[in-house]
Amino acid sequence: MDDCIFCKIIKGDIPSVKVYEDADVLAFLDISQATPGHTLLVPKQHVADIFAYDADLANRVFSKVPLIARGIKAAFPEMKGLNICNNNGEVAYQSVFHSHIHFIPRYSQQDDFSIHFGNHTDQYDSEALEAIAGKIRAQLEEN
């Protein structure tokens, strides 16, 4: 895509600090560095989000996740954890519409990165949970 910033990075039209590259993917440092070592993994094929992946592309991209994670862990042995995030859609905080995976090293609870999971346990009994799961299972059977 001509106007996609990640496609331009992949083509070398925009500079980046590369971490890893092969025929299928490019990993480079996120310019914002939410924490030191914040890395992005992108497929070289332009796909907007996870919903556009086929099984082959998913295998080629997601099989690199452990490799990149281990590299970051080895480079920053002082890190205490690692968030791996894939945002899909604007409401899910996707800001560049070329699929990408964030690797965000975590050094402490005060390292300027957070995720909040609301607890709505009291709103779902087993019947409500089974209804949700049934809707998802039905779609998986159709696809």
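Described below are features of the structure shown in this document.

Quick word on the nonpolar core
Then comes step 1: Counting 15 residues, the largest nonpolar core has L41, V61, I68, I101 and F103 as its most contacted members.
Then comes step 2: Listed by contribution, the elements that provide at least two residues to this core are strand 2 (25-29), helix 2 (55-62), helix 3 (65-75) and strand 5 (101-106).
Then comes step 3: In terms of residue count, the dominant contributor to this core is helix 3 (four residues).
Then comes step 4: Excluding anything up to four places from it in sequence, I68 contacts Y20, A27, T39, L41 and F103.
Then comes step 5: Core analysis: the second largest hydrophobic core is formed by ten residues, C4, F6, F28 and V42 among them.

Some details on the pattern of salt bridges
Then comes step 1: In total, this model carries eight salt bridges according to the counting rule given.
Then comes step 2: A salt bridge links K18 to E21; its shortest N-O distance comes to 3.1 Å.
Then comes step 3: The class for K18 is partly exposed, based on a relative accessible area of 47%.
Then comes step 4: We classify E21 as partly exposed; its relative accessible area is 36%.
Then comes step 5: Taking the shortest distance from any N to any O, the salt bridge between R106 and D111 comes out at 2.9 Å.
Then comes step 6: Look at R106 and you get buried, because its relative accessible area is 15%.
Then comes step 7: Accessibility expressed as a relative area gives 11% for D111, which makes it buried.

Remarks on the state of the cysteines
Then comes step 1: Under the definition given, this model contains zero disulfides.
Then comes step 2: The thiol sulfur of C7 is not disulfide-bonded, and the nearest other cysteine sulfur, from C4, lies at 3.7 Å.
Then comes step 3: Unpaired in this structure, C85 has its nearest cysteine sulfur neighbour in C4, at a distance of 19 Å.

Some thoughts on the environment of K73
Then comes step 1: In this structure, K73 sits in helix 3.
Then comes step 2: With relative accessibility at 56%, the residue K73 sits in the exposed group.

What counts, and at which threshold
- Residues numbered from 1 in each chain as written.
- Predicted model: local features only at pLDDT ≥ 70, side-chain atom pairs only at ≥ 80, totals over all residues.
- Heavy atoms only, no water.
- Core = buried A, V, L, I, M, F, W, Y, C linked by side-chain atoms within 4.5 Å.
- Buried < 20%, exposed > 50% of the residue type's maximum accessible area, 1.4 Å probe, protein only.
- Helix = DSSP H or I, 4+ residues; strand = E, 2+ residues; numbered from the N terminus.
- Contact = heavy atoms within 4.5 Å.
- Salt bridge = Lys/Arg side-chain N within 4 Å of Asp/Glu carboxyl O.
- Disulfide = S-S within 2.5 Å.

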